[in-house]
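Observations on chain architecture
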Amino acid sequence: MIAATLPDPSAMERRIELLLQREQELAQAPRVSELRRVFGGNARQAWAFEAEWDEPSGLRHLPCILLSQVPGGHVASDVTAEYGVLAALTGHAIRAPSAIALDACGDVTGAPAIILERFNGSADAVAFLKPKNPAVSQQLTLELADVTADLHQFDWRNSGLATHSDTDAPLRQIELWEQRYFDGRLHPQPPLTHLFHWLKDHLPEPAQLSLVHGDLRPGNFLYEEGRITALLDWEMAHIGDPAEDLAWIYRSLWSPEKFVPLEVFARRYEARAGAPVDRERLAYYRIFSEVKFATLSIIASASFASAKTANFRYADRAAKVPGSLANCFAWIAAGRWNARDVAA
Amino acid sequence: MHVMLQPDVGQLLRELRTALGETVLPAVIEPGASRQLKAALHLLGRLSRTWDLPPVLVRADNADMADATSRIEARLAADMVIEPTTCDSAREYSARENDSLAELAPRNGVNDPALATEMARNLSLRSALEALEQRVRGLPVCETKSLCLDELHALFARMTDRESMLVGDIAVTGDALKERPQE
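Not measured: the values here are computed from a predicted model.

Take the overall build of chain B next. Each helix and strand counted, chain B has 8 helices and 0 strands in total. Looking at chain B residue by residue over its 183 residues, the buried ones come to 37%. Nonlocal contacts in chain B, meaning residues at least 24 apart in sequence, comprise 69% of its contacts between residues at least 6 apart. Element-wise, carbon and sulfur atoms account for 59% of the exposed surface of chain B, whose accessible area totals about 10,400 Å².

In structure tokens:
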């Protein structure tokens, strides 16, 4: 089993200072203090700290977080790509943390890592989904519709994120997950293989292409006093169909349906975005979400089985696969896989 | 013969889970360790409910996959659309089952040789089905292709039902252990 090895905090502070010195052109003599471990999800180690440095305009103080890759995560994430997305969003009215520094190879901090601006708030999904006051979670869900709409209206084409093959982005997203499935599976799973065929056969034309977060759900946004302060975990961000994010937010495991029905969420989103959400596309991406979640579960399970991780939460993730596939087959078999049927 | 009947594995796992949850979990203060233990308790609970289901479900899965594969191969051959080869590859794999059994059993934690054989057969049938779907999808558009894909789709839905039973999502029913008629 992989054992988590933690660097000495004071040595880690010195390494972070070196990284800030290298990555922040204007930073003079950066100083790091109050370094402490915080929960960074299943796939990353997280360190919170306070950073200070001198700039020509004066002293700058910034609460920061360092997110460092650990072996055996769900997916082989690319910190450079994630950092690129956050750098493109920095300075825009999207609730994304500012990108501060990148350690792409891990040559400074010991593992591929990024440093981001740290926001106040909690990302506790359990507290969000089982709240003392459901009205707060309802308010947060409606705000999530607004924040998601704002993200999808971001002008990514003029922000350095465009590539030569963006028109194929939705198909490439399916092919990416299909490849991850083939790479990560322990044995053939013909029902899931078949569903990837089905997704490619039925791929809808997107009304628009947007920057899609890719993992937007309770647990991946910070909230405080009834407001969303920041969206977290951008490692799956990509260009794609915006319906993908809406569908992922409403996956059954973490769905806020009991606070805000999907239809109400979609209408709120439409009002903010000024563009309609085709319900059939939304239904399609709910099927895609189940296939993606099944793939993540297979990868996590294989990671534990092959001793790449000691995270017990991955041990039984394969048991989540049948539920996801059952949803897909039920929605498809109904032969009317639109929002009315799959929203239940 | 006492030990062969009581306590059974499900009872042991259930009691182990209860005892760990009541006596050890409260003493674990470190958040990371507590999360690990809770995940282990969850797994113990699921295993206590499902530990003895694999033999019957794997056998039913094998029978269903083999029958559906034969029907599709027969349809393809009758319509002279494609030469039957997938069943040949499955038979070839079956011939290797005994050789691979010794290696398979300890690696997968399967102690019962009969179950290990059924699981090896299940793997070979799954591989054959993926190859079969690939071949059917390569056909030009025709009614035979459409019917074969419909039959595969229905089979995969039934396989998913059985897997849902295997992990404890839904109760095992007699219907699920038999092949469903074509819809």
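Per-residue pLDDT for chain B has a mean of 85; in total, 79% of the residues score no lower than 70. The least confident element of chain B, judged by mean pLDDT, is helix α5 (residues 86-95) of chain B at 49; the most confident is helix α2 (residues 9-24) of chain B at 96.

Turning our eyes to something else, we now look at helix α3 (residues 31-50) of chain B. All names here are of chain B. Between its first and last C-alpha, α3 extends 29 Å over 20 residues, near the 28 Å set by a 1.5 Å rise per residue. Along α3, the residues that are buried comprise Ser34, Leu37, Ala39, Leu41, Leu44, Gly45, Arg46, Ser48 and Thr50. Contacts from the buried residues of α3 go to α2, α4 (54-78) and α8 (143-166). Structurally, the start of α3 carries an N-cap: the backbone nitrogen of Gly32 is 3.1 Å from a side-chain oxygen of Glu30.

The next thing to look at is the environment of Leu115 of chain B. All names here are of chain B. If you trace the backbone, Leu115 turns up in helix α7 (residues 113-137). Judged by its relative accessible area of 15%, Leu115 is buried. Placed 56 residues apart in sequence, Leu115 and Arg59 show a C-alpha to C-alpha distance of 8.7 Å. Beyond its immediate sequence surroundings of up to four residues, Leu115 is in contact with Pro54, Pro55 and Val110.

Bringing the sheet that holds strand β2 (residues 44-55) of chain A into the picture now. All names here are of chain A. Spatially, the 5 strands line up as an open sheet ordered β1-β2-β3-β5-β4, and their pairing is antiparallel. Of all the strands in the sheet, the pair left with one neighbour each is β1 (28-38) and β4 (99-103). Averaged over all pairs of adjacent strands, the angle between their axes in this sheet comes to 25°, without regard to strand direction. Note: strand β3 (residues 58-69) against strand β5 (residues 113-117), 5 bridges, orientation antiparallel. Within the sheet, the bridge partner assigned to Cys64 lies in β5 and is Glu117.

The subject of this paragraph is the pattern of salt bridges. In total, this model carries 38 salt bridges over all chains according to the counting rule given. A salt bridge links Arg281 of chain A to Asp241 of chain A, with the shortest nitrogen-to-oxygen separation between them at 2.8 Å. Taken together, the residues span a long stretch of sequence, with Arg281 of chain A in helix α9 (residues 279-305) and Asp241 of chain A in the loop between β9 (238-240) and α7 (243-249) at a distance of 40 residues. By relative accessible area, which is 0% here, Asp241 of chain A ends up buried. Because the salt bridges share partners, they merge into one network encompassing Asp61, Asp64, Arg126, Arg158, Arg162 and Glu163 of chain B.

Looking at chain A, the pLDDT average stands at 89 and 92% of residues meet or exceed 70. Confidence drops under a pLDDT of 50 for residues 337-344 of chain A, and excluding neighbours within four residues, the segment shows 18 contacts in the predicted structure.

This part is about the packing of α7 of chain B against α8 of chain B. All names here are of chain B. Across the interface, α7 lies against α8 with an axial gap of 10 Å and an inter-helix angle of 150°. Regarding the angle of α7 to α8, the classification is roughly antiparallel. Remark: the crossing between α7 and α8 carries left-handed chirality. Of α8, the residues touching α7 (which contributes Arg126, Leu129, Leu132, Glu133, Val136 and Arg137) are Lys145, Cys148, Leu149, Leu152, Leu155, Phe156, Met159 and Glu163. Split by residue class, the contact of α7 with α8 holds 9 nonpolar, no polar and 5 charged.

The next point concerns the environment of Gly21 of chain B. Within the secondary structure, Gly21 of chain B sits in helix α2. The spatial distance from the C-alpha of Gly21 of chain B to the C-alpha of Leu37 of chain B is 8.6 Å, given a sequence separation of 16 residues.

Before going further, it helps to spend a moment on the interface of chain B and chain A. Counting residues at the interface gives 23 residues for chain B, matched by 26 residues for chain A. Of the roughly 2,200 Å² buried at the junction of chain B and chain A (both faces included), carbon and sulfur atoms supply 61%. Broken down residue by residue, the surface that chain B buries against chain A is led by Gln36, Glu130 and His153 of chain B, which jointly contribute 26%. Taken together, the connections running from chain B to chain A amount to 3 salt bridges. At the boundary of chain B with chain A, the tally comes to 9 residue pairs in polar contact (both at pLDDT 80 or more). When contributions to the side of chain B that touches chain A are tallied by element, the ones reaching two or more residues are α3, α7 and α8 of chain B. Here the side of chain B that touches chain A gets 8 residues from one element, more than from any other, and that element is α7 of chain B. Class assignment for the residues of the side of chain B that touches chain A results in 9 nonpolar, 6 polar and 8 charged.

Before going further, it helps to spend a moment on the pairing of strand β7 (residues 221-224) of chain A. Residue and element names in this part refer to chain A. Relative to strand β8 (residues 227-231), β7 runs antiparallel, the two sharing 4 bridges. Within β8, the position partnered with Phe221 by the bridge is Leu231. Between β7 and β8, which pair antiparallel and follow one another directly, the connecting turn spans 2 residues, one of which, Glu225, has a positive phi of 50°.

Moving on: the nonpolar core. All names here are of chain A. Leu199, Leu211 and Trp234 are the most contacted members of the largest nonpolar core, which has 94 residues in total. The leading source of residues in this core is α9, at 10 residues. What Trp234 contacts, discounting residues up to four positions off in sequence, is Arg44, Glu82, Val85, Leu86, Leu89, Ile94, Arg95, Ala96, Pro97, Leu151 and His213. Among the nonpolar cores identified, the runner-up in size contains 19 residues, and Leu20, Trp47, Leu66 and Val108 belong to it.

Cut-offs used in this document
- Residues numbered from 1 in each chain as written.
- Chains lettered and ligands numbered in written order.
- Predicted model: local features only at pLDDT ≥ 70, side-chain atom pairs only at ≥ 80, totals over all residues.
- Heavy atoms only, no water.
- Helix = DSSP H or I, 4+ residues; strand = E, 2+ residues; numbered from the N terminus.
- Buried < 20%, exposed > 50% of the residue type's maximum accessible area, 1.4 Å probe, protein only.
- Contact = heavy atoms within 4.5 Å.
- Areas by Shrake-Rupley, 256 points an atom, 1.4 Å probe, with all protein chains shown as cover.
- pLDDT = per-residue confidence, 0-100.
- Expected span 1.5 Å × (residues − 1).
- Polar contact = N/O pair within 3.5 Å; in protein donor to acceptor, adjacent residues only side chain to side chain.
- Pairing = 2+ DSSP bridges.
- Axes fitted to C-alpha atoms, helices over the stretch in contact; angles between N-to-C directions.
- Salt bridge = Lys/Arg side-chain N within 4 Å of Asp/Glu carboxyl O.
- Parallel < 35°, antiparallel > 145°, perpendicular 65-115°, else oblique.
- Left-handed = near helix turned anticlockwise from the far one by under 90°.
- Nonpolar A, V, L, I, M, F, W, Y, C, P; charged D, E, K, R; others polar.
- Buried area = accessible area lost by both parts, 1.4 Å probe.
- Core = buried A, V, L, I, M, F, W, Y, C linked by side-chain atoms within 4.5 Å.

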